[in-house]
Amino acid sequence: MKEKKQSYYRGDSTEPLKSDTIGQTIEQAAHEHANETAILIHGGQRLTYAQVLEKIDTLAAALINLGLKRGDHVAIWGFNTIEWYLSFLAAFRAGIVVVNLNPLFESPEVLACLNAGDVKAVIMDEQHNGRNFYDILKKAIPNIQEHDYNTHITTKHAPLLKTVVMFSETTYKGVFRWRDLFATVTKDQLQNIRNTQQEISPFDICNIQFTSGTTGKPKGVLLRHHGIVNNARFVGNRLELFKKKGQILCQVPFFHAYGMVVGVFASIVTGSTIVVVSVKFSPNKSVDSIITDKCTVVYGTPTMFIDLITIVKNRSQNDPQIYKKISSVERFFSSGALILPDTIVEMKKLFKNAKFSVYGVSDARLGEKVAAAIIKTEKSNLSESDVKQYCEGSIASYKIPEHIHFCEKYPKTASGKIQKVKLREMTEKSSRTKY
């Protein structure tokens, strides 16, 4: 028989890759950091690593009791909460594939992902920020209301979907309450979860991430235990969290690869604490958390950091000690790269009169030319010539936008990403009209 070869190449590395599953990694963290805090909700609940392991193993057994089995796909749909965190980790301990759903998805997007992801169960929020998740699901699956409470469902709209679980105090038709699942588990079932961890392979698919649809329809990306664990380890190394465990303020959503791998798993592999402030980004609450929770690492996007700096500057007018109060922070992590506070301040100074997005538009000879869409502030008198003049001498000539398009707002996806495909169409239409 011809020998099978691997479809990827392993290069030389000073740091060997680990062949551990996510479940094994969590168990190891619980043994090494049992009484240390794994997750902290600002101003609320906190759980140690030992408590997390106990809860997720119980929940993993409960998912099996619901009829799920290893390899089945379960969607988790919600904002950053302790219930999301535990459900997410429990699925991996059960050998279940997690399908991450954006909490801002509307009914058509939810239904498309449920079917594209072969989802058999949904674990979801009840409501946050004015969003009622059950109402959104009802629009996608109207007949869910025809089922009794705490029962499985059948629906032609998502043929594989059989189970819906909700983080709620209230009962809903066709829905199991998340809190009730823990009482269904026996000691033998709990022990079975722990005894079968070796049967899960680090090369098993464990997660499906849907792209945001910036360049088209959302597409499912398959991730394996091996990649997630090692990616998290290298992030931990880069942030020196193995040398000194961090108090990580995670402002980005858990459902996204950033919040999931860099946030949740990098904290676990290093025995650090992940701090959750609120389900929706609030720079004021983030600053409060940095002060009271003594955060040492802050995750965010460039705009989040700009907002944080603005809040700190505003507070400094009444509280000269604010800079000393936030001095616990040692690292900022943004979009896969470290950002120095001074750099963010400079960005704010340079672009205080406008927001901008750069992309490419079609060109018959070159294929694409650089374009920029700019949102001006109310008092700004910025012009095309101002933009080009500013760029000249600052960046290479081929990077200077050929087309400048002023607009009132950017088209965005449900996750808040700018849809550059639509920006391109807007600019090309504007250019045809202009020229």
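Keep in mind that this is a model prediction, so the values were computed, not measured.

How each quantity is defined
Residues numbered from 1 in each chain as written. Predicted model: local features only at pLDDT ≥ 70, side-chain atom pairs only at ≥ 80, totals over all residues. Heavy atoms only, no water. Helix = DSSP H or I, 4+ residues; strand = E, 2+ residues; numbered from the N terminus. Contact = heavy atoms within 4.5 Å. Areas by Shrake-Rupley, 256 points an atom, 1.4 Å probe, with all protein chains shown as cover. Buried < 20%, exposed > 50% of the residue type's maximum accessible area, 1.4 Å probe, protein only. Axes fitted to C-alpha atoms, helices over the stretch in contact; angles between N-to-C directions. Parallel < 35°, antiparallel > 145°, perpendicular 65-115°, else oblique. Nonpolar A, V, L, I, M, F, W, Y, C, P; charged D, E, K, R; others polar. Pairing = 2+ DSSP bridges. Salt bridge = Lys/Arg side-chain N within 4 Å of Asp/Glu carboxyl O. Core = buried A, V, L, I, M, F, W, Y, C linked by side-chain atoms within 4.5 Å. pLDDT = per-residue confidence, 0-100. Phe/Tyr/Trp six-rings, centres within 6.5 Å; stacked < 30°, edge-to-face > 60°. Lys NZ or Arg CZ within 6 Å of the ring centre and 35° of its normal.

## A look at the overall build of the chain
When you go through the chain residue by residue, the secondary structure sums to 15 helices and 19 strands. Put simply, of all contacts in the chain between residues at least 6 apart along the chain, 70% involve residues at least 24 apart. A total accessible area of about 22500 Å² is found for the chain, and carbon and sulfur atoms account for 52% of it.

## Observations regarding helix α1 (residues 22–32)
Of the positions making up α1, those classed as buried are Ile-22, Gly-23, Gln-24, Thr-25, Ile-26, Ala-29 and Ala-30. Next to the buried residues of α1 lie α2 (49–65), α3 (82–93), β10 (205–210), α8 (225–238) and α9 (257–270).

## Comments concerning the packing of α2 against helix α7 (residues 187–195)
It is the contact of α2 with α7, at a shortest axis distance of 9 Å, that shows an interaxial angle of 105°. As judged from the angle between their axes, α2 and α7 are roughly perpendicular. Residues Glu-54, Asp-57, Thr-58, Ala-60, Ala-61, Ile-64 and Asn-65 of α2 pack against Gln-189, Leu-190, Ile-193 and Arg-194 of α7. Class assignment of the residues belonging to the contact of α2 with α7 gives a composition of 5 nonpolar, 3 polar and 3 charged.

## Digging into the sheet that holds β10
The 7 strands are arranged β9-β8-β5-β3-β4-β10-β11 in an open sheet whose pairing can be described as mixed. Among the strands making up the open sheet, the edge pair consists of β9 (176–177) and β11 (220–224). With 2 bridges connecting them, strand β8 (residues 163–166) and β9 associate as parallel partners. What sits directly across from Met-166, in β9, is Arg-177.

## Things to note about the pattern of salt bridges
The tally for this structure, following the rule as stated, stands at 17 salt bridges. With a shortest N-O distance of 3.3 Å, Lys-138 and Asp-135 are connected by a salt bridge. In this pair, Lys-138 and Asp-135 are both assigned in helix α5 (residues 133–140), 3 residues apart and thus about one turn of the helix distant. A salt bridge links Arg-179 to Glu-169, with the shortest nitrogen-to-oxygen separation between them at 2.4 Å. With a gap of 10 residues between them, Arg-179 in helix α6 (residues 178–181) and Glu-169 in the loop between β8 and β9 connect regions that are remote in the sequence. Each of Glu-27, Glu-54, Asp-57, Arg-93 and Arg-194 takes part in a single network of salt bridges with overlapping partners.

## Quick notes on the nonpolar core
Within the largest apolar cluster, 69 residues are counted, with the highest numbers of intra-cluster contacts made by Tyr-85, Phe-88, Leu-89, Phe-265, Ile-268 and Tyr-299. For Tyr-299, the contacting residues outside a window of four places in its chain are Val-235, Leu-239, Ile-248, Leu-249, Cys-250, Gln-251, Tyr-258, Val-262, Gly-263, Ala-266, Phe-305 and Phe-333. Counting 30 residues, the second largest nonpolar core, distinct from the first, contains Phe-79, Ala-140, Ile-144 and Phe-210.

## A short note on the pairing of strand β14 (residues 297–300)
The two faces of β14 match: Val-297 and Tyr-299 on one face and Val-298 and Gly-300 on the other face are all buried. The sheet contact formed by strand β12 (residues 247–250) and β14 spans 3 bridges and is parallel. Each bridged residue has a counterpart across the sheet, and for Ile-248 the counterpart in β14 is Val-297. Across 4 bridges, the pairing between β14 and strand β15 (residues 331–334) is parallel. Looking at the pairing, Val-298 lines up with Phe-332 of β15.

## Considering the confidence of the model for the chain
Low pLDDT means the predicted atomic positions in that stretch should not be read closely. On average, residues of the chain score 86 in pLDDT, and 84% of them reach the 70 mark or higher. Confidence over residues 346–354 falls short of pLDDT 50; this stretch has 17 contacts with residues more than four positions distant or in other chains.

## Observations regarding the packing of aromatic side chains
Aromatic rings considered in pairs are described by the distance between their centres and by the relative angle of their planes. Scanning the entire structure with this criterion turns up 14 aromatic pairs. Taking the centre distance of 4.8 Å and the plane angle of 80° together, the rings of Phe-88 and Phe-92 count as edge-to-face. Taken as a pair, Phe-88 and Phe-92 lie in helix α3 at a separation of 4 residues, close to a single helical turn. Residue classification places Phe-88 among the buried positions, given a relative accessible area of 0%. Pairing Tyr-258 with Tyr-299 gives two aromatic rings, centres 6.0 Å apart and planes at 40°, and the pair type is tilted. Remark: Tyr-299 occurs in strand β14 and Tyr-258 occurs in helix α9; sequence separation between them is 41 residues. One exposure class covers both Tyr-258 and Tyr-299, and it is buried. Connected via pairs of aromatic rings, a cluster forms that spans Trp-84, Phe-88, Phe-92, Phe-254 and Phe-265. Between the NZ or CZ atom of Arg-131 and the centre of the ring of Phe-133, over which it lies, the distance is 6.0 Å. Taking NZ or CZ as reference, Arg-233 lies 5.8 Å from the ring centre of Phe-234, over its face.

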